[in-house]
Amino acid sequence: MHATLMFIVRDGQVLLIEKKRGLGAGKINGPGGKIDPGETPLQAIIRETQEELCITPHTPRKLGELRFAMSDCPDILCHVYRADDFTGTPTETDEAVPVWTRLEEIPYQRMWEDDRHWLPLLLDEQTFLGKFVFEGERMLWKEITTGVRW
Ligand SMILES: Nc1ncnc2c1[nH]c(=O)n2[C@H]1C[C@H](O)[C@@H](COP(=O)(O)OP(=O)(O)OP(=O)(O)O)O1
């Protein structure tokens, strides 16, 4: 499965979501989701951000790739984007609740266990490749490489 994530950073805050359904429901994450057939990762992350929060990110930059091996989905490749602005008003949808969060108050305890290992890199504008093995929602193994060229 190929998927995407978006983190919009503006005025010392990052725009997160509380996910209402699907994989990771109830967790805090960035907007994102699966890439549809025929879509590029960039097209997918713009569509997912529009669908989940009713906003359009400006000039998304890909900073990371994450590879997850999970019990029920052995190979997820997730393209991770950052944007510094957007058009529209973040709005709750049936998929997500927008959660503006101060950069020093990111609720890692409510997020996937891997996020604390790479989200600080994205916020610091570093590029990264992360590989993670999960059993259920428990992270068993991780490897992070920084300074990757995309
Ligand atoms: N371990 C981990 N950390 C951080 N983020 C994620 C994971 N595993 C994941 O799957 N994810 C991300 C990757 C995607 O952005 C979402 C999962 O996508 P999903 O909600 O299933 O995709 P949608 O296309 O929105 O789903 P439906 O429309 O089919 O409900 O989580």
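This is a predicted model, so every value here is computed, not measured. (Residues numbered from 1 in each chain as written. Predicted model: local features only at pLDDT ≥ 70, side-chain atom pairs only at ≥ 80, totals over all residues. Heavy atoms only, no water.)

Participant: So, the site of the ligand: which residues are in play, and what are the values?
Facilitator: Lining the immediate environment of the ligand, one finds 19 residues, of which Thr4, Lys19, Asn29, Lys34 and Asp114 sit closest. A distance of 2.7 Å is found between an oxygen atom of the ligand and a backbone nitrogen or oxygen belonging to threonine 4. Here an oxygen atom of the ligand and a side-chain polar atom of lysine 19 are 2.5 Å apart. With the chains in place, 87% of the 650 Å² that the ligand exposes on its own is no longer accessible. Its residues placed into classes, the shell around the ligand shows seven nonpolar, four polar and eight charged. (Near = heavy atom within 4 Å. Polar contact = N/O pair within 3.5 Å; in protein donor to acceptor, adjacent residues only side chain to side chain. Areas by Shrake-Rupley, 256 points an atom, 1.4 Å probe, with all protein chains shown as cover. Nonpolar A, V, L, I, M, F, W, Y, C, P; charged D, E, K, R; others polar.)

Participant: Tell me about the packing of aromatic side chains, and name the residues and values.
Facilitator: Taken as a whole and judged by the stated rule, the model has six aromatic pairs. Relative to tryptophan 118, the ring of phenylalanine 7 has its centre 5.7 Å away and its plane inclined at 70 degrees; by these criteria the two rings are edge-to-face. Of this pair, phenylalanine 7 sits in strand β1 (residues 2-10) while tryptophan 118 sits in helix α2 (residues 115-123); the two residues are 111 residues apart in sequence, bridging distant segments of the chain. This pair shows no difference in class: phenylalanine 7 is buried, exactly as tryptophan 118 is. Ring plane angle 20 degrees and centroid distance 5.8 Å describe the contact between tryptophan 118 and phenylalanine 128, whose orientation is recorded as stacked. One end of the pair, tryptophan 118, is in helix α2; the other, phenylalanine 128, is in strand β10 (residues 128-135), with 10 residues separating them in the sequence. (Phe/Tyr/Trp six-rings, centres within 6.5 Å; stacked < 30°, edge-to-face > 60°. Helix = DSSP H or I, 4+ residues; strand = E, 2+ residues; numbered from the N terminus. Buried < 20%, exposed > 50% of the residue type's maximum accessible area, 1.4 Å probe, protein only.)

Participant: Describe in detail a nonpolar patch on the surface, supporting the description with residues and values.
Facilitator: Side chains of Val133, Leu140 and Trp141 sit close together on the surface and give an oily, nonpolar patch of about 260 Å² of accessible area. Within the secondary structure layout, leucine 140 lies in strand β11 (residues 138-146). (Patch = residues over 30% accessible without salt bridge, like charges linked within 9 Å, V, L, I, M, F, W, Y side chains within 5 Å. Salt bridge = Lys/Arg side-chain N within 4 Å of Asp/Glu carboxyl O.)

Participant: Before we move on, could you go through the state of the cysteines and cite the residues and values that matter?
Facilitator: Evaluated as defined, the whole model comprises zero disulfides. Looking at cysteine 73, it has no disulfide partner, and the nearest cysteine sulfur is the one in cysteine 78, 11 Å off. Judged by relative accessible area, cysteine 73 falls into the buried class, the value being 19%. (Disulfide = S-S within 2.5 Å.)

Participant: An account of the UniProt feature "domain: Nudix hydrolase" (unreviewed entry) in the protein is requested, with residue identities and associated values reported.
Facilitator: UniProt records the feature "domain: Nudix hydrolase" (unreviewed entry) for residues 1-124 in the present numbering. Secondary structure content for residues 1-124 is 18% helix and 44% strand, while the C-alpha to C-alpha distance between its ends is 27 Å. (UniProt positions renumbered as here; feature names shortened; annotations may be inferred.)

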